[in-house]
Amino acid sequence: MKTIKVIKIGGNIIDNEEALAAFLKDFATIVGPKVLVHGGGKLATKLAEQMNIPVKMTDGRRITDPETLDIITMVYAGKINKNIVAQLQANNCNAIGFSGADGNTIVSEKRPIKTMDYGFVGDVKKVNTNVLEILLNNNITPVFCAISHDENGQLLNTNADTIASELAIGLSSIFNTELYYCFEKNGVLEDVENDDSVIENINTENYKTLKENNIIFEGMLPKLDNCFHAIHKNVQKVCIGKSDMLFNTNNKHTTITK
């Protein structure tokens, strides 16, 4: 069984043209099947402001009303996704851009209204790997943006960390799957002010303790929940850290285990 790397990059790389170009140059050199998942960065917010469309947030989460969905579709699935694909082609990495609607790859349902209506936000129901398997076996790299669909014609804004986790789980029946979350820190930190305070190994047991003692920065918890969801659903390896962990395993980063 071949090994596949599912790699998610966040806004800190996307918002910086030089950092993105350097990352994509390195990403193109990764041998074997790979999938890239990207978030949206600050561009959608910037465009919304230019168009005088208010950005609605609650508890740090974007409310996706119809106007916002239009903007993030243009930005995520359009400008950012196609720019990444074009740069990968320039680095001799044959890539195709995807939303979850393309090839019916990621099906979601609109998040139910409980205490808050998040609008057109999708929770992933299933991943269909048929199309991806054909592409990956022909050395073509899928590049996913953070948009899925509900099979009834509705696009849905979907968390990019969740998309990466669900893709890794879906592909684990075909490949030995490794999931990498690349962001601006060296890994999960004990002290958010100290970039060297990396917790190098987190398992189910010590994660519980770290949460109870409020050691992990609250903003990291959803990402870690996605990591544990993946590792308990047959993903072989899950790591969090700066993108250089992909090319030098001696670099400090966090590894998630059962």
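Please refer to the structure placed before this passage.
Residues numbered from 1 in each chain as written. Predicted model: local features only at pLDDT ≥ 70, side-chain atom pairs only at ≥ 80, totals over all residues. Heavy atoms only, no water.

Draft legend 1. View of the overall build of the chain. What the chain contains, in helices and strands, is eight helices and 14 strands. Rg of the C-alpha trace for the chain: 18 Å, near the compact-globule value of 18 Å for 258 residues, within the 12% margin. The principal-axis extents of the C-alpha atoms in the chain amount to approximately 45 × 45 × 35 Å. A burial count over the chain gives 49% of its 258 residues as buried. Put simply, of all contacts in the chain between residues at least 6 apart along the chain, 69% involve residues at least 24 apart. For the chain, the exposed surface amounts to about 12600 Å²; the carbon and sulfur share of it is 46%. (Helix = DSSP H or I, 4+ residues; strand = E, 2+ residues; numbered from the N terminus. Rg over C-alpha atoms; globule rule 2.2 N^0.38 Å. Buried < 20%, exposed > 50% of the residue type's maximum accessible area, 1.4 Å probe, protein only. Contact = heavy atoms within 4.5 Å. Areas by Shrake-Rupley, 256 points an atom, 1.4 Å probe, with all protein chains shown as cover.)

Draft legend 2. Up close: the pattern of salt bridges. Counting across every chain of the model gives eight salt bridges. A salt bridge links Arg-111 to Asp-123, with the shortest nitrogen-to-oxygen separation between them at 2.9 Å. Linking Arg-111 in the loop between β6 (106–110) and β7 (122–127) with Asp-123 in strand β7, this pair joins segments that are twelve residues apart in sequence. With a closest N to O distance of 3.9 Å, Glu-151 and Lys-126 form a salt bridge. One end of the pair, Glu-151, is in the loop between β9 (147–149) and β10 (155–157); the other, Lys-126, is in strand β7, and 25 residues separate them in sequence. (Salt bridge = Lys/Arg side-chain N within 4 Å of Asp/Glu carboxyl O.)

Draft legend 3. The arrangement of the pairing of strand β13 (residues 237–241) in detail. In terms of burial, β13 is a largely internal element, four of the five residues being buried. By the bridge criterion, five bridges tie strand β11 (residues 176–182) to β13 in an arrangement that is parallel. Bridge pairing in β13 links Glu-178 to Lys-237. In terms of strand pairing, β13 meets strand β14 (residues 254–256) through three bridges, oriented antiparallel. By the bridge assignment, Ile-240 is partnered in β14 with Thr-254. (Pairing = 2+ DSSP bridges.)

Draft legend 4. Quick peek at the packing of aromatic side chains. Counted by the stated rule, this structure contains three aromatic pairs. Sitting above the plane of the Tyr-118 ring, Arg-111 keeps its charged end 5.3 Å from the centroid. (Phe/Tyr/Trp six-rings, centres within 6.5 Å; stacked < 30°, edge-to-face > 60°. Lys NZ or Arg CZ within 6 Å of the ring centre and 35° of its normal.)

Draft legend 5. Inspection of the sheet that holds strand β5 (residues 95–98) at higher detail. Sheet architecture is open: eight strands sit in the order β5-β8-β2-β1-β11-β13-β14-β12, paired in mixed fashion. The open sheet has two edge strands, β5 and β12 (201–202), and neither has a second partner. Strands in contact with helix α2 (residues 17–27) are β1 (3–9), β2 (34–38) and β8 (141–144); relative to β2, the strand with the most contacts, it is inclined by about 165 degrees. (Axes fitted to C-alpha atoms, helices over the stretch in contact; angles between N-to-C directions.)

Draft legend 6. Focus on the state of the cysteines. Within this structure, the stated rule accounts for zero disulfides. Looking at Cys-93, it has no disulfide partner, and the nearest cysteine sulfur is the one in Cys-182, 15 Å off. Here Cys-93 falls in the buried class, since its relative accessible area comes to 4%. For Cys-182, which is in no disulfide, the shortest distance to another cysteine sulfur is to Cys-239 and amounts to 9.5 Å. On the basis of relative accessible area, Cys-182 is assigned to the buried category, the value being 2%. (Disulfide = S-S within 2.5 Å.)

Draft legend 7. Region of interest: unusual backbone geometry. Phi at Asn-92 takes a positive value of approximately 60 degrees, unusual for a residue other than glycine. Residue position: Asn-92 is located in the loop between α4 (66–90) and β5. Although it is not a glycine, Asn-104 adopts a positive phi angle of roughly 55 degrees. Relative to the helices and strands, Asn-104 resides in the loop between β5 and β6.

Draft legend 8. How the structure looks around the environment of Tyr-180. Structurally, Tyr-180 is set in strand β11. In this structure Tyr-180 comes out as buried when scored by relative accessible area, which is 5%. When the C-alpha atoms of Tyr-180 and Leu-36 are compared, they prove to be 9.8 Å apart, with 144 residues separating the residues in sequence. With sequence-adjacent residues up to four places away left out, Tyr-180 is seen in contact with Lys-5, Val-6, Ile-7, Lys-8, Lys-237, Cys-239, Met-245 and Leu-246. A distance of 2.6 Å separates the side chain of Tyr-180 from the side chain of Glu-178, its partner in a polar contact. (Polar contact = N/O pair within 3.5 Å; in protein donor to acceptor, adjacent residues only side chain to side chain.)

Draft legend 9. Local environment of the environment of Asn-176. Here Asn-176 shows up in strand β11. By relative accessible area, Asn-176 is classed as partly exposed at 24%. Distance from Asn-176 to Pro-66, taken between C-alpha atoms, is 39 Å for residues 110 residues apart in sequence. Asn-176 has contacts with Met-1, Lys-2, Thr-3, Ile-4 and Gln-236, leaving out every residue within four places of it along the chain.

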